[in-house]
Amino acid sequence: MDEVIGTMAARLAEVRGVRAVALGGSRARGAHRPGSDWDLGVYYRGGVDVAGLARLAEELTGGPVEVAGPGGWGPWVNGGAWLTVDGARVDWILRDLDRVERVWANCRAGRYEVGVQAGHPLGFWSPAYAGEVALCRVLADPAGELTALRAATAAYPEPLRAALVGAVWEAGFSVAAAAKSAPGGDVLHVGLCLSRAFGVLVQSLHAYHRVWCLNEKGALAAAAALPAAPPDLVPRVETALRGLGPQAVESAAALTAEIREAMALP
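Conventions adopted
Residues numbered from 1 in each chain as written. Predicted model: local features only at pLDDT ≥ 70, side-chain atom pairs only at ≥ 80, totals over all residues. Heavy atoms only, no water. Helix = DSSP H or I, 4+ residues; strand = E, 2+ residues; numbered from the N terminus. Buried < 20%, exposed > 50% of the residue type's maximum accessible area, 1.4 Å probe, protein only. Contact = heavy atoms within 4.5 Å. Salt bridge = Lys/Arg side-chain N within 4 Å of Asp/Glu carboxyl O. Pairing = 2+ DSSP bridges. 1 Å grid on protein atoms, 1.4 Å probe; cavity = no way out; pocket = protein on both sides within 12 Å on 5 of 7 lines; lining within 4 Å. Points joined across faces, edges and corners; volume = space filled by probe spheres on them. Nonpolar A, V, L, I, M, F, W, Y, C, P; charged D, E, K, R; others polar.

**Things to note about the environment of Ala229**
- Relative to the helices and strands, Ala229 resides in the loop between α10 (219–224) and α11 (233–243).
- On the accessibility criterion, Ala229 (9% relative accessible area) is buried.
- Apart from residues lying up to four places away in sequence, Ala229 is in contact with Leu205, Ala223 and Ala224.

**Observations concerning the pattern of salt bridges**
- Counted under the stated rule, the structure contains 14 salt bridges.
- Taking the shortest distance from any N to any O, the salt bridge between Glu145 and Arg19 comes out at 2.8 Å. With a gap of 126 residues between them, Glu145 in helix α6 (residues 145–152) and Arg19 in strand β1 (residues 18–24) connect regions that are remote in the sequence.
- For Arg196, the salt bridge goes to Glu170, with nearest N and O atoms at 2.8 Å. Placement of Arg196 in helix α9 (residues 187–208) and of Glu170 in helix α8 (residues 169–181) is noted, with a sequence separation of 26 residues between them.

**Considering the pairing of β1**
- The buried fraction of β1 is high, at six of seven residues.
- Here β1 runs beside strand β2 (residues 38–44); their pairing, made up of six bridges, is antiparallel. Looking at β2, one finds that Gly24 is bridged to Asp39.
- Of the strand pairs in this sheet, β1 and strand β7 (residues 137–140) are connected by three bridges, and their pairing is antiparallel.

**Comments concerning the layout of surface pockets**
- Within this model, the largest pocket holds a volume of roughly 1400 Å³.
- Looking at the largest pocket, it is lined by 43 residues, and the ones nearest its centre are Gly25, Ser26, Asp39, Asn215 and Lys217.
- For the lining of the largest pocket, the elements supplying multiple residues, two or more each, are β1, α2 (25–29), β2, β4 (88–96), β6 (120–125), α5 (127–135) and α10.
- When its residues are assigned to classes, the lining of the largest pocket shows 21 nonpolar, 12 polar and 10 charged.
- Within this model, the second largest pocket holds a volume of roughly 260 Å³.
- Lining the second largest pocket are 18 residues, and of these Leu122, Phe198, Gly199, Val202 and Glu216 sit closest to its centre.
- Breaking the lining of the second largest pocket down by element, the ones donating at least two residues are β6, α9, α10 and α11.

**A word on the pairing of β4**
- Where β2 meets β4, seven bridges bridge the pair, whose relative direction is parallel. Within β4, the position partnered with Gly41 by the bridge is Ile93.
- Sheet topology places strand β3 (residues 80–85) next to β4; six bridges connect them, and they run antiparallel. The partner of Val85 across the bridge, within β4, is Ala88.
- Counting the residues that bridge the hairpin from β3 to β4 gives two residues, and of these Asp86 lies at a positive phi of roughly 55°.

See the structure below:
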């Protein structure tokens, strides 16, 4: 399958607008299982030939494939396609290289955004764009643009680290909001507030250790393995999200305080 993916990447790079193709996800990091998807980041500039992508997808799969153009999957995930090739699931994920470079510049300046995005219940955190590049395996890059950007993102920006560690204040704010709703049994509001709080804590822990956090999937377990995380982080989060009452809020508040102390925050 590696050879198939390599050939596919080379073909993708020939589509008008495509500048580079990279392998991402668990396969790029060597953390994949036998049935894991093959995630291909398709980096383009100034628009991309969606019809050309659809023709290539049909050729590779033997049938029509719906390709979502830029913005078709939302403002941050952007677009792409889901393919099955030789029995393997292959995802094409569009990325606007100009936008990725702007996000990287913001990361170096300590700025980030969190946008509403389908499939990301805690929002899409813009530094994920840079993290994807840092952790990818470049497969096709005729002009060397993505390769150069990957080299630059190898060092986690200290201003971004400070900003994301400092974002831990929002976890405490969200827990305080949950405390107002817990006595009345408003489990939806409490659940959303606590989920948000735990998501922020996970982001802050990753940044504190200069580790890229790409999305919510697997992020809690990854954060739990970091030195500053409480040893019982996962079961405490699980218990709180099952309870969603005053005791859960108290537990979340204690957890937030412990992580703040571990990161030497006042």
